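Now for the letters of each chain:
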Amino acid sequence: MTRNIHDSFAKEWMKELLDDFGEVEIEREIAGEVRTIDVVFVPNPAQRSNLKALGLLGQMIDTPCAMEAFRKAVPEWEVCNCRVKLFELVQELNRRAKQQKQRFKAIDRPFLWILTPTFSDRLQKDFCVVQKSDWGKGFYFLPRPDRTAIVAIHHLPKTLETLWLRLFGRGEIQREAIGEVLALPPTYPYRQETLKHLTILQINLKARQNKTKEIREVMMGISLAYEKWFNDTLAEGKQAERRSIALKMLQVGTSPEFVVQVTGYTLDEVKALQQEIDS
């Protein structure tokens, strides 16, 4: 369940973050056995104004790509599984191009990014990965024909360039990244959107009945982001953001009383939002 909650955070946050730069699909189904890829992204050349603000994540999405994010260290079989899904996605895109009487060019073939907290020395050796000077520490590239790289979040240097990727980390890595997001100027691109999605993650975790040690640690790590978003949103009267949070909570079955506690709405206002969802 913890993995599912974090999956949802990663996908929804990435969808909003990348939507400014091109076409984003989450949980993209691919042919054959029913499989999904966390994020499939196709950049739009006309939407590049804030790409540099995302640092190395911006470089990753500069070309068509697929992303798979793991909460725990990716095992060998999952790396293989991700590569199979990429192959099936490419085959599907090739078939679609032929049906539309278009040529599927090599440049349109997605690159696969696998995000994992750590990547062991043994797996680095087994997959024959290499590091590239223009990407730096933490990026491990498989042989060129694979078009795949593994990003070990906990191996990344603590710089602004890696900030948005380190939010996918665990424990102290994620907590430090959240603190760095909070320290950014209020107008910094994607800061507010990120705080909003961290708030949704905090709310979903808080609503869990049986909280594991891992859940409690994550909640502690993102509590500052939650408090910052809550106080700023109420102080500045950002009704659209409050409404978005309230609707998401109600859609996943959160009690109206808890929504009142989190968002500052009255119970009647929350009930009106529930009626809107039900209608």
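Residues numbered from 1 in each chain as written. Predicted model: local features only at pLDDT ≥ 70, side-chain atom pairs only at ≥ 80, totals over all residues. Heavy atoms only, no water.

## Overview of the overall build of the protein chain
Along the backbone of the protein chain there are eleven helices and six strands. Here the protein chain holds 279 residues, and the buried ones make up 49% of them. Intrachain contacts of the protein chain at a sequence separation of at least 6 include 59% that bridge at least 24 residues. Accessible surface, the protein chain: about 14200 Å² in total, of which carbon and sulfur atoms supply 51%. (Helix = DSSP H or I, 4+ residues; strand = E, 2+ residues; numbered from the N terminus. Buried < 20%, exposed > 50% of the residue type's maximum accessible area, 1.4 Å probe, protein only. Contact = heavy atoms within 4.5 Å. Areas by Shrake-Rupley, 256 points an atom, 1.4 Å probe, with all protein chains shown as cover.)

## Things to note about the packing of helix H9 (residues 239-251) against helix H10 (residues 256-263)
When two helices pack together, you describe them by how their axes are tilted relative to each other and by the distance separating the axes. Interaxial distance between H9 and H10 falls to 10 Å at its minimum, and their mutual angle equals 155°. On the basis of the axis angle, H9 is roughly antiparallel to H10. The interaxial crossing formed by H9 with H10 has right-handed handedness. Residues Arg242, Ile245, Ala246, Met249 and Leu250 of H9 form the contact with H10, whose participating residues are Phe258, Val259, Val262 and Thr263. (Axes fitted to C-alpha atoms, helices over the stretch in contact; angles between N-to-C directions. Parallel < 35°, antiparallel > 145°, perpendicular 65-115°, else oblique. Left-handed = near helix turned anticlockwise from the far one by under 90°.)

## Examining the nonpolar core
Ranked by size, the top nonpolar core spans 45 residues in total, and within it Leu57, Met60, Ile61, Trp113, Phe139 and Leu165 carry the most contacts. Top element by residues in this core is helix H1 (residues 2-18). It accounts for six residues. Aside from chain neighbours lying at most four places away, what touches Met60 is Cys65, Met67, Trp113, Leu115, Trp135, Phe139, Val151 and Leu165. With 21 residues, the next largest nonpolar core counts Val40, Ile114, Leu123 and Ile150 among its residues. (Core = buried A, V, L, I, M, F, W, Y, C linked by side-chain atoms within 4.5 Å.)

## Let's talk about the pairing of strand S4 (residues 111-116)
Burial runs high along S4: six of the six residues are buried. Side chains Phe111, Trp113 and Leu115 project from S4 onto one buried face, and the interleaved Leu112, Ile114 and Thr116 project onto a second face that is buried too. As paired strands, strand S3 (residues 65-69) and S4 are joined by five bridges and run parallel to one another. Across the sheet, Glu68 pairs through a bridge with Ile114, a residue of S4. In this region the chain leaves S3, passes through helix H3 (residues 76-99) and returns to the parallel neighbour S4; the handedness of that crossover is right-handed. (Pairing = 2+ DSSP bridges. Right-handed = clockwise from strand over helix to strand, strands pointing away.)

## Comments concerning the pattern of salt bridges
All chains considered together, the criterion is met by eleven salt bridges. With its nearest N and O atoms 3.8 Å apart, the salt bridge here joins Asp38 to Lys11. Pair noted here: Asp38 is in strand S2 (residues 35-43) and Lys11 is in helix H1, with a separation of 27 residues, a long-range link. Arg96 is the salt-bridge partner of Glu92, the closest N and O atoms lying 3.2 Å from each other. Taken together, the residues span about one helical turn, with Glu92 and Arg96 both in helix H3 at a distance of four residues. (Salt bridge = Lys/Arg side-chain N within 4 Å of Asp/Glu carboxyl O.)

## Looking at the packing of H9 against helix H11 (residues 267-278)
Running from N to C, H9 and H11 point in directions that differ by 65°, and their axes come no closer than 10 Å. You can see that H9 and H11 cross each other, and the crossing is right-handed. Residue-level contacts link Arg243, Ala246, Leu247, Leu250 and Gln251 of H9 to Val270, Leu273, Gln274, Glu276 and Ile277 of H11. Each residue belonging to the contact of H9 with H11 can be placed in one class, and the counts come to six nonpolar, two polar and two charged. (Nonpolar A, V, L, I, M, F, W, Y, C, P; charged D, E, K, R; others polar.)

## Here's the deal with H10
Three or more residues of H10 are buried, namely Phe258, Val259, Val262 and Thr263. Along H10, the residues classed as buried sweep out an arc of 115° about the axis, all on the same side. With respect to the buried face of H10, the exposed residues turned more than 90 degrees away are Glu257 and Gln261. Just downstream of H10, Gly264 is the residue with a positive phi angle, here 85°. (Arc of directions from axis to C-beta.)

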